[in-house]
Amino acid sequence: MKKTLYGTTALVAAGVAMGGASPAGAAEKITLGVSGYMQYFLLYADQSDVGQAGATNVTAGLINPQSNQADLDVKNNGEIWFKGSTKLDNGISIGVDVQFESFQSGDQVDEQYMWISSPSLGRLIVGDENGATYLMHIWTLGQGVHIDTGTIGSVAAYQNTSGSTFFNSPLGNTQGRALDNDSAKITYISPRVFGLQAGVSYTPRFTQDTNSALTTGAPSNGWEGALQYKTEIEGIGVGVMGGYKYADGIAALETASADADIQNWKVAAELTYAGFRVSGGYLNQVSGLNAANNSIKGHSWILGAAYSAGPWGAGIAYFDGESEDVVSTAGSDEHDKWIVEGRYTLGPGINLVGGVFGFDIDAEGTVAQQDANGEADNDGWGATVGVKMSF
């Protein structure tokens, strides 16, 4: 796998050097453009009125979702992207992509990377970006409001009262990021040949937005690969993908547990016809420790259907996931969620969206163990309406 990646890098680099050898060529200097998205929601959520004093793993104060979080809230999400590219004389394109969160965030620069692309050579990405298994994932998306890592999770529609994470474990998604949030890496994605496309990534360490010396305080030496196939059979679009990810675990934890290494695999598929789309995915997090005695091991699946016609669209989806969480406590955290949602396109890049959703979080262990772990069960329902804008 390393020989393939190194060979591809050398091949693309040679093409870049050849393209730059002609000062009288037609290539132009990169000019950045501005694009991105903004989303604003009015959201209501009715949650459990239970819980005990604690806060080891969840929101400080009483673990009582109904009192900890407002029933009615205004939520927002957005990013501003600065992108630009140029095409060299030999047909190879080079570009940059820098993405900023549109509101104050601990991760103010979301992604930043460069890319080199050619129709015959494929695409090479270097920098802080998601890996091949994420980029080639087939998402189960609705028409306006999503539950697989998307809208509902992004704006914290309801309180996660378990010790597991919605984003880095199967408890909340099927994409399998697993502690790797836009870490600096090298990714190669091949051209699509007869519907088949392959991708591979190498990540030195699972740490974002830093040029500090390489340490073993985070998962390291990460490799991932994905295959995706898309075709059309008598008007029916077919898409399938599979991916595998592995990384050495946090060094301080590897001596304490054989499950410290990050390892997962996933599959996803979709069928489309006219305005209909049916899709689903499955993630198996084989191993991985987030911290001492805290595991992201588990599995999840999602199934959804959507339909669009002109400016209208509607969808429905169901998700089921679980994560081991506290290793010393028997059982796993479990999370079910569903949504019925839709959108109406008001104009180019402007969509009115809304949906009704439900959720059920069952924290692991007995009530006494939940209290000791700073966890609690939480279930309820909610509704949201908002505007999504892209520019």
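Keep in mind the model is a prediction, meaning the values are calculated, not measured.

Conventions used here
Residues numbered from 1 in each chain as written. Predicted model: local features only at pLDDT ≥ 70, side-chain atom pairs only at ≥ 80, totals over all residues. Heavy atoms only, no water. Helix = DSSP H or I, 4+ residues; strand = E, 2+ residues; numbered from the N terminus. Contact = heavy atoms within 4.5 Å. Areas by Shrake-Rupley, 256 points an atom, 1.4 Å probe, with all protein chains shown as cover. Buried < 20%, exposed > 50% of the residue type's maximum accessible area, 1.4 Å probe, protein only. Polar contact = N/O pair within 3.5 Å; in protein donor to acceptor, adjacent residues only side chain to side chain. Core = buried A, V, L, I, M, F, W, Y, C linked by side-chain atoms within 4.5 Å. Pairing = 2+ DSSP bridges. Phe/Tyr/Trp six-rings, centres within 6.5 Å; stacked < 30°, edge-to-face > 60°. pLDDT = per-residue confidence, 0-100.

Caption draft 1: A look at the overall build of the protein chain. When its secondary structure is counted, the protein chain shows 6 helices and 17 strands. The contacts of the protein chain with a sequence gap of at least 6 include a subset with a gap of at least 24, amounting to 62%. Accessible area of the protein chain: about 17700 Å², with a carbon and sulfur share of 61%.

Caption draft 2: Quick look at the side chain of Lys-245. Here Lys-245 lies in strand S9 (residues 236-248). On the basis of relative accessibility, which here comes to 4%, the residue Lys-245 falls in the buried class. Engagement of the side chain of Lys-245 in a polar contact is seen with the backbone oxygen of Arg-177, the distance being 2.8 Å. The contact partners of Lys-245, leaving out residues within four places of it in the chain, are Gly-176, Arg-177, Asp-180, Phe-206, Trp-223, Glu-224, Ile-262, Gln-263 and Asn-264.

Caption draft 3: A look at the nonpolar core. Leu-43, Ile-147, Ile-152, Ala-157, Tyr-158, Ile-339 and Phe-357 are the most contacted members of the largest nonpolar core, which totals 19 residues. Listing elements by their share of this core, those giving two or more residues are strand S1 (33-46), strand S14 (312-326) and strand S16 (350-362). Take this core: its biggest share by element is 4 residues, from S16. Beyond its immediate sequence surroundings of up to four residues, Phe-357 is in contact with Leu-43, Tyr-44, Ile-152, Ala-157, Tyr-158, Trp-338, Ile-339, Trp-381, Gly-382 and Ala-383. Counting residues in hydrophobic clusters, the runner-up holds 9 residues, among them Leu-88, Ile-116, Leu-124 and Val-200.

Caption draft 4: Inspection of the pairing of S14 at higher detail. Pairing of strand S13 (residues 294-309) with S14 involves 14 bridges; the strand directions are antiparallel. Note that in S14 the partner of Asn-294 across the bridge is Val-326. The hairpin turn running from S13 into S14, its antiparallel successor, is 2 residues long, and Gly-310 in that turn takes a positive phi close to 60°. Summarising the sheet, S14 and strand S15 (residues 333-347) pair through 12 bridges and their orientation is antiparallel. Looking at the pairing, Ile-316 lines up with Val-340 of S15. Linking S14 to S15, which pair antiparallel, is a turn of 6 residues; within it Gly-331 sits at a positive phi near 95°.

Caption draft 5: Main features of unusual backbone geometry. Located in the positive-phi region is Phe-194, a residue other than glycine, with phi close to 50°. Along the chain, Phe-194 falls in the loop between strand S6 (184-189) and strand S7 (196-205).

Caption draft 6: Quick look at the packing of aromatic side chains. Throughout the structure, instances matching the rule amount to 13 aromatic pairs. Ring geometry for Phe-82 and Phe-100: centres 5.8 Å apart, planes at 85°, overall edge-to-face. Here Phe-82 is found in strand S2 (residues 72-87), whereas its partner Phe-100 is found in strand S3 (residues 93-101), with 18 residues between them in sequence. Of the residues examined, Phe-82 reaches a relative accessible area of 28% and is grouped as partly exposed. Measuring from centroid to centroid gives 4.5 Å for Trp-312 and Tyr-344, while their planes differ by 50°, and the two rings are tilted. Note that Trp-312 is positioned in strand S14 and Tyr-344 in strand S15, a separation of 32 residues in sequence. Given a relative accessible area of 55%, Trp-312 falls into the exposed group.

Caption draft 7: Geometry of the environment of Ile-125. Tracing the backbone shows Ile-125 in strand S5 (residues 122-128). Apart from the residues lying within four places of it in its own chain, the contact partners of Ile-125 are Tyr-113, Met-114, Trp-115, Leu-135, Lys-185, Ile-186 and Thr-187.

Caption draft 8: Spatial organisation of the confidence of the model for the protein chain. In this model, the protein chain carries an average pLDDT of 87, and 88% of its residues clear a pLDDT of 70 or more. Low pLDDT, under 50, characterises residues 1-22; the predicted model gives this stretch 26 contacts beyond four residues in sequence or across chains. Segment residues 53-62 is flagged for pLDDT under 50; beyond a separation of four residues in sequence, or across chains, it makes 26 contacts in the model.

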